[in-house]
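Coordinate analysis (summary)
Residue-level listing of the chains:
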Amino acid sequence: MALLPKGHFRHIGIFAFEPSTLIQFYSRWFGLVVSDHGIGSTGHEVAFMTADPEEHHQLAIANGRKPEWPGMNQISFVYEDLETLKGLAEDFHKEGVKILQQKDHGNTWSIYVEDPEGNRIECYTPTPWYVSQPIWWPLDLVNEDVQTIRARTEQSAKVSKGFKMRSEWQAEIQARIDAQRQLP
């Protein structure tokens, strides 16, 4: 590996016993708003929350937590662009870092890896588009070229529920965050 790409810590995912209680808590005390809500590919209900329109979510809350499970689901880092993320994925592959999943979420491209103790880490970069979450389309950052990935994501995003440009979604979320912060 040449130069380590700069990743910025962005969000965490947690498992919850009762997501609605956590949603109320994080809304009331930290001004987060629900940016998306749905059922993921694992069947878990997932609520995405943010207090920053630059970030689709800063907190992802999934139901189904069992007493023996830790609360944390993942820790996430954002990267500058798809080319950087692809290079990181190739380096993980070459150096034997266990790649758990690669997902095209429509609004991000993501690769999930394990740290040496089995903790899940998401490395991602945003796309210019927004689609309702959760969503998961196939992705292969190790073997596909970035032009193919971009074109396929754009085509899929444009026909998906809730499609809009990321900048439009950000303006809408900012208005909701501002309104949430005005509550007594």
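See the structure printed just above.
Residues numbered from 1 in each chain as written. Predicted model: local features only at pLDDT ≥ 70, side-chain atom pairs only at ≥ 80, totals over all residues. Heavy atoms only, no water.

So, about the overall build of the protein chain. Secondary structure summary: the protein chain contains four helices and 10 strands in total. Reading the protein chain from its N terminus to its C terminus gives the helix and strand order β-α-β-β-β-β-α-β-β-β-β-α-β-α. Rg of the C-alpha trace for the protein chain: 17 Å, near the compact-globule value of 16 Å for 184 residues, within the 12% margin. With the principal axes as the frame, the protein chain shows a C-alpha extent of 50 × 40 × 30 Å. For the protein chain, the share of sequence-separated contacts (at least 6 apart) that also reach a separation of at least 24 residues comes to 63%. When the accessible surface of the protein chain is summed, it comes to about 9,900 Å², and 55% of that surface belongs to carbon and sulfur atoms. Here the protein chain carries 18 positive and 25 negative side-chain charges, and the mean point of each set is 4 Å from the other. (Helix = DSSP H or I, 4+ residues; strand = E, 2+ residues; numbered from the N terminus. Rg over C-alpha atoms; globule rule 2.2 N^0.38 Å. Contact = heavy atoms within 4.5 Å. Areas by Shrake-Rupley, 256 points an atom, 1.4 Å probe, with all protein chains shown as cover. Lys, Arg positive; Asp, Glu negative; His and termini not counted. Charge placed at Lys NZ, Arg CZ, Asp CG, Glu CD.)

The next point concerns the packing of aromatic side chains. Following the criterion strictly, the structure yields two aromatic pairs and no others. Ring centres 6.4 Å apart and planes at 90° place the aromatic pair tryptophan 109 and tryptophan 129 in the edge-to-face group. Pair noted here: tryptophan 109 is in strand β7 (residues 108-114) and tryptophan 129 is in strand β9 (residues 129-130), with a separation of 20 residues, a long-range link. Across this residue pair, the class does not change: tryptophan 109 and tryptophan 129 are buried. Here tyrosine 130 and tryptophan 169 contribute two aromatic rings whose centre-to-centre distance is 5.4 Å and whose plane-to-plane angle is 15°, an arrangement assigned as stacked. Highlighted residues: tyrosine 130 in strand β9 and tryptophan 169 in helix α4 (residues 166-181), separated in sequence by 39 residues. Tryptophan 169 matches tyrosine 130 in its accessibility class, with the two residues each being buried. The cationic tip of lysine 103 hangs over the ring face of tyrosine 112; the distance from NZ or CZ to the ring centre is 5.1 Å. The ring of tryptophan 136 has lysine 103 sitting right over it, with the charged end atom 4.0 Å from the ring centre. (Phe/Tyr/Trp six-rings, centres within 6.5 Å; stacked < 30°, edge-to-face > 60°. Buried < 20%, exposed > 50% of the residue type's maximum accessible area, 1.4 Å probe, protein only. Lys NZ or Arg CZ within 6 Å of the ring centre and 35° of its normal.)

The gaps of empty space that remain are located by a probe, the size of a water molecule, rolled over the atoms. The volume enclosed by the largest pocket comes to roughly 680 Å³. Those elements that provide at least two residues to the lining of the largest pocket are β1 (8-15), β3 (45-50), β4 (59-62), β5 (72-78), β6 (99-104), β7 and β8 (120-126). Considering every element that reaches the lining of the largest pocket, the biggest residue donor is β1, with five residues. In terms of residue class, the lining of the largest pocket is built from 15 nonpolar, 16 polar and seven charged. (1 Å grid on protein atoms, 1.4 Å probe; cavity = no way out; pocket = protein on both sides within 12 Å on 5 of 7 lines; lining within 4 Å. Points joined across faces, edges and corners; volume = space filled by probe spheres on them. Nonpolar A, V, L, I, M, F, W, Y, C, P; charged D, E, K, R; others polar.)

Where nonpolar side chains cluster on the molecular surface, the patch consists of Phe25, Trp29 and Phe30 and spans about 350 Å² of accessible area. Take phenylalanine 30: it is sitting in helix α1 (residues 19-30). The partly exposed category is assigned to phenylalanine 30, whose relative accessible area is 45%. (Patch = residues over 30% accessible without salt bridge, like charges linked within 9 Å, V, L, I, M, F, W, Y side chains within 5 Å. Salt bridge = Lys/Arg side-chain N within 4 Å of Asp/Glu carboxyl O.)

Moving on, we come to the sheet that holds β4. Pairing is mixed in the open sheet, where eight strands are placed in the order β2-β3-β4-β1-β5-β8-β7-β6. Unpaired on one side and paired on the other, β2 (33-39) and β6 mark the two borders of the sheet. Ignoring which end each strand starts from, the neighbouring axes of this sheet average 20° apart. In this structure, β1 lies alongside β4, joined through four bridges in parallel fashion. Of the residues in β4, the one forming a bridge with glycine 13 is alanine 60. Sitting on the sheet, α1 touches β1, β2, β3 and β4, and the angle it makes with β4 is about 160°. (Pairing = 2+ DSSP bridges. Axes fitted to C-alpha atoms, helices over the stretch in contact; angles between N-to-C directions.)

Note that every value here comes from positions in space, so none of it alone points to a role or purpose.
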